[in-house]
Amino acid sequence: MKLTIQRTQEGREYDELFDVASLKVTTLLQALYEIKAKVDPTLTFDAGCRSGICGACAVRVNGRETLACSHTPKEGDRIEPLNYHPVQRDLKVDKSPAQSTLVKVLSRKEEVSVDPSSPPPPLSPEEEKRFRIQSDCILCDSCYSACPVLAVNPDFLGPFTLTRAWRYLTDPRYTREVESQNDSSLPTPHSSLLEKVQQNGIWDCTLCGECTAVCPQHIDPKNDIMQLRGESLKAGYSDPNLANQSFCTPDFGGGFGFDPNAGF
Amino acid sequence: MFDLLIIGSGGTGLSAALEAASRGAKVAVACKGLPTQAQTCMAQGGINAALGNVEPDSVEEHIADTLRSAHGLADEAMVRTLCESGPETIEWLDRMLVPFSRIEPSKTPHSSLLTPHSLRTIAQRRLGGASHPRACYAQDYTGLKILQSLYDRCLERGVRFLPERTLLELAHWEDRIHGAHFWDLANGEIETVHAGATLLATGGFGDLYHGYSTNAHGASGDGIAAALRAGASLSNMEYVQFHPTAMAGSSILISEGARGAGAILVDERGERFTDELGPRDEVARAIFRKIQEGSRIYLDLRPIPRETLEELMPQELHLTQLHAHIDPLEEPIPIQPAVHYSMGGIDVDRSFAVKELKGLWAAGECSDAHVHGANRLGGNSLLEIVAFGRLAARNAVEHPRMVPDTRECSDPQSRVEAIFQRRGKFNPYHKRKILGKRLYHDLGILREERGIRGALEYLTELTEKLPQTELGDRNRKNNRALVEYLEYENSLLLAEAVAQAALWRNESRGAHWRTDFPNEDPKFQRSSQTRMENGEVVVHAAE
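About the criteria used
- Residues numbered from 1 in each chain as written.
- Chains lettered and ligands numbered in written order.
- Predicted model: local features only at pLDDT ≥ 70, side-chain atom pairs only at ≥ 80, totals over all residues.
- Heavy atoms only, no water.
- Pairing = 2+ DSSP bridges.
- Helix = DSSP H or I, 4+ residues; strand = E, 2+ residues; numbered from the N terminus.
- Axes fitted to C-alpha atoms, helices over the stretch in contact; angles between N-to-C directions.
- Buried < 20%, exposed > 50% of the residue type's maximum accessible area, 1.4 Å probe, protein only.
- Contact = heavy atoms within 4.5 Å.
- Buried area = accessible area lost by both parts, 1.4 Å probe.
- Salt bridge = Lys/Arg side-chain N within 4 Å of Asp/Glu carboxyl O.
- Domains from an automatic or database assignment.
- Polar contact = N/O pair within 3.5 Å; in protein donor to acceptor, adjacent residues only side chain to side chain.
- Nonpolar A, V, L, I, M, F, W, Y, C, P; charged D, E, K, R; others polar.
- Left-handed = near helix turned anticlockwise from the far one by under 90°.
- Core = buried A, V, L, I, M, F, W, Y, C linked by side-chain atoms within 4.5 Å.
- Phe/Tyr/Trp six-rings, centres within 6.5 Å; stacked < 30°, edge-to-face > 60°.
- Lys NZ or Arg CZ within 6 Å of the ring centre and 35° of its normal.

### Describing the sheet that holds strand β14 (residues 333-342) of chain B
All names here are of chain B.
Here is step 1: Judged by pairing direction, the sheet is antiparallel, and its four strands sit side by side in the order β11-β14-β13-β12 without closing on themselves. Every other strand in the sheet has two partners, leaving β11 (240-247) and β12 (264-266) as the edge strands with one partner each. Here the strands of the sheet are splayed against their neighbours by 45° on average, with no regard to which way each runs.
Here is step 2: Pairing geometry for β12 and strand β13 (residues 297-300), over three bridges, is antiparallel. Residue pairing for β13: L265 is matched across the bridge by L299.

### Side note on the environment of D327 of chain B
Residue and element names in this part refer to chain B.
Here is step 1: Within the secondary structure, D327 sits in the loop between α10 (314-323) and β14.
Here is step 2: We classify D327 as partly exposed; its relative accessible area is 26%.
Here is step 3: Placed 10 residues apart in sequence, D327 and L317 show a C-alpha to C-alpha distance of 7.2 Å.

### Thoughts on the interface of chain B and chain A
Here is step 1: On the side of chain A, 59 residues touch chain B, which itself brings 61 residues to the contact.
Here is step 2: Contact with chain A buries surface across chain B, with L97, E156 and H217 of chain B losing the most and accounting together for 12% of the total.
Here is step 3: Counting the contacts that link chain B with chain A gives seven salt bridges.
Here is step 4: D136 of chain A is paired through a salt bridge with K145 of chain B; the nearest N and O atoms lie 2.8 Å apart.
Here is step 5: Counting residues per element, the ones that place at least two in the side of chain B that touches chain A are α4 (86-95), α5 (142-156), α10, α13 (428-442) and α15 (480-504) of chain B.

### Description of the domain arrangement of chain B
Size of an interface: often given as the accessible area lost when the parts come together.
Residues and elements named next belong to chain B.
Here is step 1: Taken domain by domain, chain B holds domain 1 (241-338) and domain 2 (412-541).
Here is step 2: Using C-alpha coordinates to define each centre, domain 1 is positioned 29 Å away from domain 2.
Here is step 3: Both sides of the domain 1 and domain 2 interface together cover about 880 Å² of buried area, and 71% of this is carbon and sulfur.
Here is step 4: Three residues, F242, R285 and F288, lead the burial of domain 1 against domain 2; their summed loss comes to 64% of the area buried on that side.
Here is step 5: At the junction of domain 1 and domain 2, the tally comes to zero salt bridges.
Here is step 6: Counting the contacts that link domain 1 with domain 2 gives two residue pairs in polar contact (both at pLDDT 80 or more).
Here is step 7: Among the elements that make up the side of domain 1 that touches domain 2, the one with the highest residue count is helix α8 (residues 280-292) (six residues).
Here is step 8: Classifying every residue of the side of domain 1 that touches domain 2 gives five nonpolar, one polar and three charged.

### A short note on the environment of L493 of chain B
Here is step 1: Topologically, L493 of chain B is positioned in helix α15.
Here is step 2: When the C-alpha positions of L493 of chain B and L208 of chain B are compared, they lie 9.9 Å apart, and in sequence the two are 285 residues distant.

### Here's the deal with the sheet that holds strand β19 (residues 536-541) of chain B
Hydrogen bonds along the backbone pair up the strands of a sheet, which may run parallel or antiparallel.
Residue and element names in this part refer to chain B.
Here is step 1: Across the sheet, which stays open at both edges, the five strands sit in the order β17-β15-β10-β18-β19 with mixed pairing between neighbours. Taken across any chain shown, the strands that pair with only one partner, and hence form the sheet edges, are β17 (367-368) and β19.
Here is step 2: In the sheet, strand β18 (residues 528-533) pairs with β19 via six bridges, with the strands oriented antiparallel. Bridge pairing links Q529 to H540 in β19.
Here is step 3: α15 rests against β10 (234-235), β18 and β19 of the sheet, and its axis sits at about 35° to β19.

### Remarks on the side chain of N380 of chain B
All names here are of chain B.
Here is step 1: Locating N380 in the fold gives a position in helix α11 (residues 380-398).
Here is step 2: On the basis of relative accessible area, N380 is assigned to the buried category, the value being 0%.
Here is step 3: Only 2.9 Å separates the side chain of N380 from the side chain of H62, close enough to count as a polar contact.
Here is step 4: What N380 contacts, discounting residues up to four positions off in sequence, is N48, H62, T66, L82 and H372.

### Quick look at the packing of α13 of chain B against α15 of chain B
All names here are of chain B.
Here is step 1: Running from amino to carboxyl end, α13 crosses α15 at an angle of 35°, the nearest separation of the two axes being 10 Å. In the crossing of α13 with α15, the sense of the turn from one axis to the other is left-handed. Touching P428, Y429, K431, R432, L435 and L439 of α13 are A481, E484, Y485, E487, Y488, S491, L492 and A495, all from α15.

### Overview of the domain arrangement of chain A
Residue and element names in this part refer to chain A.
Here is step 1: Considered domain by domain, chain A is made up of domain 1 (2-93) and domain 2 (96-257).
Here is step 2: Our enumeration of links across domain 1 and domain 2 arrives at one salt bridge.
Here is step 3: The closest approach of N and O atoms between R64 and E210, which form a salt bridge, is 2.7 Å.
Here is step 4: Listed by contribution, the elements that provide at least two residues to the side of domain 1 that touches domain 2 are β3 (58-61) and β4 (64-67).
Here is step 5: The dominant element in the side of domain 1 that touches domain 2, judged by the number of residues it contributes, is β4, at four residues.
Here is step 6: Grouping the amino acids of the side of domain 1 that touches domain 2 by side-chain chemistry returns seven nonpolar, five polar and three charged.

### Concerning the nonpolar core
Most often, soluble globular proteins keep nonpolar side chains buried together rather than apart.
Residue and element names in this part refer to chain B.
Here is step 1: Of all hydrophobic cores here, the largest spans 204 residues; its most connected members are L170, L200, Y209 and I346.
Here is step 2: Setting aside chain neighbours within four positions, we find Y209 in contact with V240, F242, V339, G436, L439, Y440, L443, R447 and V498.
Here is step 3: Judged by nonpolar contacts, the second largest core, of 24 residues, contains A263, L299, L317 and I326.

### A look at the pattern of salt bridges
All names here are of chain B.
Here is step 1: Considering all chains together, one arrives at 67 salt bridges over all chains under this definition.
Here is step 2: Here E398 makes a salt bridge to R23, at a shortest N to O gap of 3.1 Å. With E398 in helix α11 and R23 in the loop between α1 (11-22) and β2 (27-30), the pair connects residues that are 375 residues apart, well separated along the chain.
Here is step 3: For E398, a relative accessible area of 55% puts it in the exposed group.
Here is step 4: On the basis of relative accessibility, which here comes to 39%, the residue R23 falls in the partly exposed class.

### What to know about the packing of aromatic side chains
Here is step 1: A full pass over the atoms with the stated rule returns 12 aromatic pairs over all chains.
Here is step 2: Residues Y168 of chain A and Y174 of chain A carry aromatic rings whose centres are separated by 5.2 Å and whose planes lie at 35° to one another, so their mutual orientation is tilted.
Here is step 3: Using a relative accessible area of 2% as the deciding quantity, one classes Y174 of chain A as buried.
Here is step 4: Measuring from centroid to centroid gives 6.0 Å for F288 of chain B and Y440 of chain B, while their planes differ by 85°, and the two rings are edge-to-face. Here Y440 of chain B lies in helix α13 and F288 of chain B lies in helix α8, a separation of 152 residues in the sequence.
Here is step 5: On the basis of relative accessible area, Y440 of chain B is assigned to the buried category, the value being 5%.
Here is step 6: Cluster of aromatic residues (ring-pair linked, three or more members): Y209, Y212, F242, F288 and Y440 of chain B.
Here is step 7: A cation over an aromatic ring shows up here: R12 of chain A above the ring of Y14 of chain A, its NZ or CZ 4.4 Å from the ring centre.
Here is step 8: Geometry around Y341 of chain B places R376 of chain B over its ring, the cationic atom sitting 4.1 Å from the centre.

Here it is as C-alpha cells:
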C-alpha cells in the first residue's frame, strides 16, 4: 500500500510517496509512526492518545479532515496538513491562531461568583442532554479546517468556538452564575456570549455543513450556529448581511457574496 | 518570573492553575503538547465521591475501600483527606461547569445529608473494588469533559499557557528549585522559566511499557525523571497498575465501567473464570495466568442491554470497531491486561512538597501522595488529580517564594547537544519498542528475580549504547524526534528505578507480584524509596 504525504521541510513543500506494504499497520497514525521509526525520522506530525480523544492528530486525507488514529489507510491515500493553520513542518501545524478564537468568546473581565446562601438547583438530566454532544468536543480543529468561510475571512470565529458558545448558552449553570448578583446595567454572561458571536461569527457562516460532516465526535456546529442565530434574533440582534444587502446591484460588500438565508 | 510554574496541563495542572489564580497568584502552565492533549482526556470510568446518590454511601466506606485496596502501603491520613474532599471536589467541578451525567432526583433517595443540593442529580456507577456505586461520570468521557471544562475556565481567567515545552531539567542551585528548563519545540531552543514555586503535574510513566500500555505515547514520566536527577526521592516505583481489559494488540483501554454495567470475562470456551468486579490487580493476574496457559481471553459486553451500552459507552463501541474490527454488540472483544497507571512516583509529604528539594511540589500521577498504596481503585485518580492539584497549588502559593539564583546545577544544554551529536547504528524507536515488550514480560504482572535482573542487564546495555543511538533528525525546529529521544532517555532511567524497587520488594503485595515470593510479608509493609546516589539508582526502605 502506498500513501502520499504532503511534506514541508525547511520551507519547501513537496509530495512524497511512502510504501507501507511491509509495515504492520491498522490505522493511519500507526502508519505514520512506522514510517517515522523505520523509514524517515524527520517525518513530523502531532499525536497522543491513539484513541480519538486528545484531538492532536487531525489531518486531511484525500481532502477530508480526519483523525489519523481513527482512519484506516487505503491504497493511494493523500495525507495533507489541516487548512487555515500555519504549517510548521510536514503535518504539524500551529493551532494557536485557530484556538485563540476560544479566548475571544470565553474570556471575561469580571470574576463571577455564586451566592453561597442560595444553593443553585441541581442540573436535570434533560438540561445535561441539551449540551451533551457539544461538550464532547476534543479541539482537533477538523471543523475549522473544513470551513470555507475561513478562506475569505480569517477572522471568522469558526465552528468549534461557536459550538462552545452554544454549549454554555444552554447550560443553566453558566447563566445562573450571575443572576443573583446581577446589576441590571451589566450584561449577563448570556447576553455577552451572544454579543461576542455577532461579529465574525454566526452571521458569516454559510450553513454549508462541512463542519458537521467532518466532526469525529458527531457534533453538529451548523445546527448550533442556527440555534445561536435564533437566540440572537429573539434577543434583538439582526443579520447584518440582510441589512447591508442590495437587491438591485451585485453584492461585492459584506457577506462575501453568500446569502446565509438563501438555502445553502 | 511567575509565582507558580505548573508543569503539565492535565487535571492536576489545570485544577492547580485555577486554584492558584483564584488566590491572585501569577501562574504559568507549561505542557508538552497543547493544553487539552493531556492524558486526563483518556479517563473514562469516573471520579469517586461518596455522594450516595444511587445507594447509601459514606466517606468512611470510601476510606475503607481505598485502604483495603492499598494493602497496607497507604497513609491513612492522606486517604482520609482524599475521600473527605470527594463531595467538595465534585461541587467545585460542578461550579467549573463539568457536564456530569444526571439522573432524576426521585432516583436519589439515598443522598447523604451532607451532599450539596446541587449534586443530588449526579449519576454514579460502581467501579471495581468499590462497595457502592461511587464514581460520578460523564458518559465514558469523564476525563475529557473535566479537562475541557477546566481549560475553558482557565481561558476565562486568563491563565498563561506555555505549550509545546518539554521538560529538560528542573532549574536548581543545590536543593533550591527556582523553575525549569524546557525544550521549546516550535522554536528549537532551550527556554528557562523562573518561578517562586514549581509544581510538577507531569503524569505517570506507563509508556515505559511502550506498546503494552493504555497510556498516550509520551507518558514517559519526564517530571519524575527530572526530579530524580535533581535529588528527589521516588517512592513505591515498583507499583505499576495493569488494567485488566485493554484490546489485544492495540492496548486501547476498555473502561472498568463496562464490567460495572455487567460485561463478563470469558475464555475461548465462553466460560467465566474470575470475579469481574474484583480489584484491578487480582483481575489482571487472573487474566494473565489464563493467557500464560495458552487461553485467549475476551470481554463480552453482550449481557449489557444495547441501549445502555449506547448511552453509557459510545466511545468504547466506536474504538472496538476501529481497532479490533469487532462489533461488541455482536461478539466478545479479545483483551489482554496492559499498563495503565503509575502508583509510585515522586515522594511527597502531606503538604505535597518534595521532601529533598525546596520550592518544589508534586501532585497527581507523577507523585506518590500515599493514597493508592499497592493498588489504585478505579475513580480515585481523577479525584486525586483535582483535589490534590488544588491543595498542592494552595500550599505552594502560600509558601514563601524561592528567589531565582544565577547559579545553576543542571545542564540542559549539554543534554540536548549530546543527543544532537550522537552518531551510530542504533535506532531509538527500535530500542524503545523492544524495551516496552521486555518490560511487559520481565517487569510485568508476574515478576521473579531472574527476569528482573535480566531486564536490568538489558537496561544497562541500552544505556551503554546511547552514545551510538542516533537521533535521525538534525533539524532544530519542530523536531518531534528529539522530544521522543528525551522521553526514551527518561524511560531508561525510570525503568531502572522500577526494576531496582521490584528487586528490593521480596514479597507479593497488591499490584507487585513476585512468583518467587508469593506471599505478603509484614517486613515489607512500608514504602520503597529510590534515589540517585553518585549517579547510581539506589533503593532503601522508607523510614
